[in-house]
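Structural overview
So you can see what is in the structure, the chains are spelled out below.
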Amino acid sequence: MSPGRKREAVLKLQSQLGMSERRACCVLSQPRSTQRRQAKRRRDEAALVKRIRELVVKRPRFGYRRIAALLQREGWRANAKRIYRLWRQEGLKVPRKKRKRRSLGMSANACHCRRAERKDHVWTWDFVFDRTVGGSALKWLSVVDEFTRECLCLKVARGITAEDVIDALAELFAMRDVPMHIRSDNGPEFVAHAIQKWLGQVGVQTLYIAPGAPWENGYAESFHSRLRDEFLALEEFENVAAARKLTSAWQEDYNHHRPHRSLGYLAPVEFAARCTASAPKMLSATPQASSPLQQHSGLTPSLPS
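Let us now look at the overall build of the protein. Counting its regular elements, the protein contains 13 helices and five strands. Out of the 305 residues in the protein, the part that is buried amounts to 42%. Taking as baseline every contact in the protein between residues at least 6 positions apart, the subset at least 24 positions apart corresponds to 64%. Summing over all exposed atoms, the protein offers an accessible surface of approximately 18100 Å²; the carbon and sulfur share of this is 51%.

Before going further, it helps to examine the pattern of salt bridges. Across all of its chains, the model carries 19 salt bridges by this definition. With a closest N to O distance of 2.8 Å, Glu-230 and Arg-258 form a salt bridge. Here the residue Glu-230 occupies a position in helix H10 (residues 218-232), and Arg-258 occupies one in the loop between helix H11 (240-256) and helix H12 (268-274), the gap between them amounting to 28 residues. Judged by its relative accessible area of 2%, Arg-258 falls in the buried class.

Read across the open sheet, the five strands follow the order E3-E2-E1-E4-E5; overall the sheet is mixed. The open sheet has two edge strands with one neighbour each: strand E3 (151-157) and strand E5 (205-208). In this sheet, adjacent strand axes meet at a mean angle of 20 degrees when their direction is disregarded. Pairing analysis gives four bridges linking strand E4 (residues 181-184) to E5, with the strands arranged parallel. Within E5, the residue paired with Arg-183 across the bridge is Leu-207. Of the strands in this sheet, strand E1 (122-131), strand E2 (137-145) and E3 are in contact with H10, which crosses E1 at around 35 degrees.

Here E4 shows a buried face lined by His-181 and Arg-183 and a second buried face lined by Ile-182 and Ser-184. Of the pairings in the sheet, the one linking E1 to E4 comprises three bridges and is parallel in character. The partner of Thr-124 across the bridge, within E4, is Arg-183.

Here the focus is the packing of aromatic side chains. Given two aromatic rings, one states the distance between the centres and the angle between the planes to describe the pair. The final tally for this structure, using the stated rule, is twelve aromatic pairs. Summarising the aromatic geometry, the rings of Phe-231 and Trp-250 are spaced 5.7 Å apart at their centres and angled 25 degrees between planes, so their arrangement reads as stacked. Of the two residues, Phe-231 is situated in helix H10 and Trp-250 in helix H11; the sequence distance between them amounts to 19 residues. The buried category is assigned to Phe-231, whose relative accessible area is 2%. A relative accessible area of 10% places Trp-250 in the buried class.

Where a protein is soluble and globular, its nonpolar side chains tend to be buried together. Counting 27 residues, the largest nonpolar core has Trp-125, Val-143, Val-165, Leu-169, Phe-173, Trp-198 and Leu-199 as the members making the most contacts within it. Those elements giving two or more residues to this core turn out to be E1, E2, E3, helix H7 (162-175) and helix H9 (193-202). In terms of residue count, H7 provides more of this core than any other element does, eight residues in total. When sequence neighbours within four positions are dropped, the list of residues in contact with Leu-169 reads Trp-125, Val-143, Ile-182, Trp-198 and Leu-199.

Reading guide: rules and limits
Residues numbered from 1 in each chain as written. Predicted model: local features only at pLDDT ≥ 70, side-chain atom pairs only at ≥ 80, totals over all residues. Heavy atoms only, no water. Helix = DSSP H or I, 4+ residues; strand = E, 2+ residues; numbered from the N terminus. Buried < 20%, exposed > 50% of the residue type's maximum accessible area, 1.4 Å probe, protein only. Contact = heavy atoms within 4.5 Å. Areas by Shrake-Rupley, 256 points an atom, 1.4 Å probe, with all protein chains shown as cover. Salt bridge = Lys/Arg side-chain N within 4 Å of Asp/Glu carboxyl O. Pairing = 2+ DSSP bridges. Axes fitted to C-alpha atoms, helices over the stretch in contact; angles between N-to-C directions. Phe/Tyr/Trp six-rings, centres within 6.5 Å; stacked < 30°, edge-to-face > 60°. Core = buried A, V, L, I, M, F, W, Y, C linked by side-chain atoms within 4.5 Å.

Everything listed here is a matter of coordinates, which is why it stays silent on function.
So this is what it looks like as structure tokens:
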């Protein structure tokens with residue numbers, strides 16, 4: 001039993017059974033000096049609690065560990081235990097979602113079977129949907145690096161075709177690098193002949209998960225869960241232009257500021273900068289003058305300066 005619980009038990013024995021403090025402390029093996037000691041509030045406690053509440057209002061789906069990581073990044077001298085104590089003291093709570101357990105699946109292309117080993121080894125892509133205030137449909141294309149958890153692309157439009165997917169990927173390949181594999185489900189945009197042919201020309205192997213087994217694309221599902229929980233469920237979109245502006249701001253915050261638990265509470269860009277494991281670049285990954293990137297109609301990729 002912790003000293004705090006013993007202190008409460010001693011007070012109950014005194015009030016309910018009329019025991020003296022000395023007798024109650026003897027029964028519970030509680031030192032009388034510990035019983036009489038009053039915890040002192042630190043000078044910065046009120047300011048820290050105020051900042052915690054500000055962060056909770058701004059990020060309502062963050063738990064105390066992620067809030068602690070943000071506070072430590074801001075320079076507060078507060079570990080997770082102290083934040084947890086204040087968290088409980090203020091009655092803060094993040095409602096937990098009830099999830100059904102599902103089989104991991106047996107597909108050879110599942111994320112737990114073909115794991116990313118380094119940056120730009122395996123990318124994953126998928127779609128997520130929402131609506132504007134007026135009820136019009138919105139569609140997001142997300143591309144995530146499974147190793148660094150960076151959101152490489154988050155494109156929103158009324159509709160996204162296979163040609164739009166190729167345009168987005170070509171821009172990413174020109175600005176970043178060409179991954180070895182890209183994982184997706186069997187949606188019509190991903191299995192389109194034009195996409196398969198183009199990816200084959202640039203040297204990217206497609207990893208299609210088993211039909212009806214979205215959990216095999218776990219990194220995309222996890223990212224979309226965070227996207228919907230922390231962004232789509234909290235924002236209202238007047239139109240496509242507003243959705244693009246808000247999406248760009250959220251993507252910037254996710255990559256550069258949001259602590260990621262699986263990365264040791266580092267932001268994805270911060271983790272990527274610390275990665276020492278670098279895969280050897282394939283010759284085909286560098287776009288040449290006659291590469292399929294430039295042969296794609298209407299697109300002339302440019303390397304960053």
